[in-house]
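Architecture at a glance
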Amino acid sequence: MFISQDNIRLQKHIIGSIIAALFCALFAAVYESFSFGVYSYFMLFAFAIPLLGCSLPYSIIVFRNKNIPDIFSLRLWNSGIAALTVGSVIEGVIEIYGTTNHFVIVYLAAGAVFCVSGLILWVIKNRRSLNNLYSPQNQQS
């Protein structure tokens with residue numbers, strides 16, 4: 001079975017996102033052990049963002065072995081997931097501290113913009129490659 005360089009790149013992203021999720025879980029456990037019983041759901045579930053946002057979709061793409069995103073789409077998507085994860089951790093820290101901050105919404109907005117941009121770019125490139133694949137010039141008689 002042939003494994004392409006794109007699949008290897010995605011497998012590295014899967015491993016990296018699992019490591020990021022483990023780091024978030026460890027960070028939340030240590031931080032909340034020193035918070036005198038105060039906890040935040042943003043901090044508790046920050047590990048789920050890289051798992052559900054990167055590991056799961058990338059695993060599906062690797063197992064299907066189709067429509068692998070290009071590096072620019074991956075970087076946009078990963079930047080969005082990173083912004084969402086950091087925003088969740090910071091919101092958790094702020095909640096545990098017992099205050100509020102309205103600037104955390106910037107992480108949500110930036111993460112959403114990056115994720116949507118990466119997804120749109122991936123769809124456009126996939127559609128273009130499918131159109132080139134099935135164009136009349138490529139059809140043989």
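Residues numbered from 1 in each chain as written. Predicted model: local features only at pLDDT ≥ 70, side-chain atom pairs only at ≥ 80, totals over all residues. Heavy atoms only, no water.

1. Here we look at the overall build of the protein chain
Short version of the rule: What counts as a helix is a DSSP run of H or I of at least four residues, what counts as a strand is a run of E of at least two, and both are numbered from the N terminus. Three labels apply to residues, based on accessible area from a 1.4 Å probe with only protein chains included: buried if under 20% of the type maximum, exposed if over 50%, partly exposed otherwise in between. In what follows, a contact means two residues having at least one pair of non-hydrogen atoms within 4.5 Å.
For the protein chain, the count of helices and strands is five helices and zero strands. Its helices and strands taken in sequence order, the protein chain reads α-α-α-α-α from the N to the C terminus. Out of the 141 residues in the protein chain, the part that is buried amounts to 31%. Pairs at least 24 apart in sequence give 76% of the contacts found in the protein chain among residues at least 6 apart.

2. Re the nonpolar core
Defined as follows: By nonpolar core we mean a set of buried residues, namely Ala, Val, Leu, Ile, Met, Phe, Trp, Tyr and Cys, connected to one another through side-chain atoms within 4.5 Å.
Judged by nonpolar contacts, Leu-10, Ile-14, Cys-54, Tyr-58, Ile-61, Val-62, Ile-68, Leu-74, Ile-81 and Cys-115 together constitute the single largest core of 10 residues. Of all the secondary structure elements, the ones that give two or more residues to this core are helix H1 (5–33), helix H3 (48–64) and helix H4 (71–97). It is H3 that contributes the most residues to this core, four residues altogether. Leave out the neighbours within four places in its chain, and Cys-54 touches Ser-17, Ile-49, Trp-77, Asn-78 and Ile-81. Core analysis: the second largest hydrophobic core is formed by five residues, Met-43, Ala-46, Val-89 and Ile-96 among them.

3. Quick look at the packing of aromatic side chains
Worth spelling out the cut-off: For Phe, Tyr and Trp, where Trp contributes only its six-membered ring, two rings pair if their centres lie within 6.5 Å, and the inter-plane angle classes them as stacked under 30 degrees, edge-to-face over 60, or tilted in between.
Summed over the entire model, instances satisfying the criterion amount to four aromatic pairs. Between Tyr-39 and Tyr-41, the ring centres sit 5.6 Å apart and the planes meet at 80°, which makes this aromatic pair edge-to-face. A relative accessible area of 47% places Tyr-39 in the partly exposed class. Grouped by ring-pair contacts, the aromatic residues Phe-23, Phe-27 and Tyr-31 constitute a single cluster.

4. A few points about the state of the cysteines
Formally: Cysteine sulfur atoms are paired as a disulfide whenever they come within 2.5 Å of each other.
Per the stated rule, a full pass over the model turns up zero disulfides. Of all cysteine sulfurs in the structure, the one in Cys-115 sits closest to Cys-54, which takes part in no disulfide; the separation is 7.8 Å. A relative accessible area of 8% places Cys-115 in the buried class.

5. Observations regarding H3
Convention followed: Multiplying 1.5 Å by the helix residue count minus one yields the expected span of that helix.
Its 17 residues give H3 an end-to-end C-alpha distance of 23 Å, which sits within 8% of 24 Å, the value for a rise of 1.5 Å per residue. Buried residues of H3: Pro-50, Gly-53, Cys-54, Ser-55, Tyr-58, Ile-61 and Val-62, and no others. Count one or two residues on from H3 and you reach Asn-65, which has phi positive near 60°.

6. Thoughts on the confidence of the model for the protein chain
Short version of the rule: On a scale of 0 to 100, pLDDT captures the predictor's confidence in every residue.
Residues at a pLDDT of 70 or more form 88% of the protein chain, whose mean pLDDT is 83. Confidence, expressed as mean pLDDT per element, reaches its minimum in the protein chain at helix H5 (residues 105–133) with 84 and its maximum at H4 with 90.

7. Notes on the side chain of Ser-40
The line we're drawing: N or O atoms within 3.5 Å of each other form a polar contact, as long as, within protein, one can give a hydrogen and the other can take it, and as long as residues adjacent in sequence are counted only when both atoms are side-chain atoms.
Relative to the elements of secondary structure, Ser-40 occurs in the loop between H1 and helix H2 (41–44). Engagement of the side chain of Ser-40 in a polar contact is seen with the backbone nitrogen of Phe-42, the distance being 3.2 Å. Filtering out sequence-adjacent residues up to four positions away, Ser-40 remains in contact with Glu-32, Glu-91, Gly-92, Glu-95 and Ile-96.

8. Here we look at the environment of Ala-110
As for its placement among the helices and strands, Ala-110 is situated in helix H5. Of the residues examined, Ala-110 reaches a relative accessible area of 28% and is grouped as partly exposed.

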